[in-house]
Amino acid sequence: MMIADSTEPTGQLTIRTLAMPADTNPAGDIFGGWVMSQMDIAGAIAAVERAQGRVVTVAVEAMTFIAPVKVGDILCVYTSVERTGTTSITIAVEAWARRQRLADRVKVTDGRFVYVALGENGQKRAIPSA
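Our subject in this report is the structure included herewith. Just so it is clear, the structure is predicted and the values come from calculations on it, not from any experiment.

All right, on to the sheet that holds strand β3 (residues 74-84) then. Sheets are built from strands that pair by backbone hydrogen bonding, the pairs being arranged parallel or antiparallel. Here we have five strands laid out as an open sheet, ordered β1-β3-β4-β5-β2, and antiparallel in their pairing. Where the open sheet ends on each side, the last strands, each with one partner, are β1 (12-18) and β2 (55-65). Put simply, the sheet's adjacent strands are angled 25° from each other on average, direction ignored. With six bridges connecting them, β1 and β3 associate as antiparallel partners. Bridged to L13 within β3 is Y78.

See below:
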């Protein structure tokens, strides 16, 4: 279970990217959909590694936007495998912003992303045991 007020990221740093002006909403903050897409990309990377092959996103659970991301922030997305089923895998995802490109970071979003492993034929497949 994720804790919104943690002071250190949980999981493995999976992606880092720079928040750009083109990604803003009308209020000038980074659009939540952009943050969510970065989290989905990171979650999919972790799920592919664990499932050892193709996965697709089937659900997003418990998404919480904690603080805004600003232009110029470095968005750091951390992932950890929370649960592995027969064909599905749940990835805990946390997004942290490094303000003004400094070491100071703040947790901005967390959530759980659920993926299903697919075979070459596009059908569900079993995830290999760890």
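With respect to the element layout, R16 can be found in strand β1. Once the C-alpha coordinates of R16 and E120 are considered, the two residues, 104 residues apart in sequence, prove to be 30 Å apart. When near neighbours in sequence (up to four residues on either side) are disregarded, R16 contacts I74, L75, C76 and R98.

The rules behind these values
Residues numbered from 1 in each chain as written. Predicted model: local features only at pLDDT ≥ 70, side-chain atom pairs only at ≥ 80, totals over all residues. Heavy atoms only, no water. Pairing = 2+ DSSP bridges. Helix = DSSP H or I, 4+ residues; strand = E, 2+ residues; numbered from the N terminus. Axes fitted to C-alpha atoms, helices over the stretch in contact; angles between N-to-C directions. Contact = heavy atoms within 4.5 Å.

Just geometry here; none of it tells us what the structure is for.
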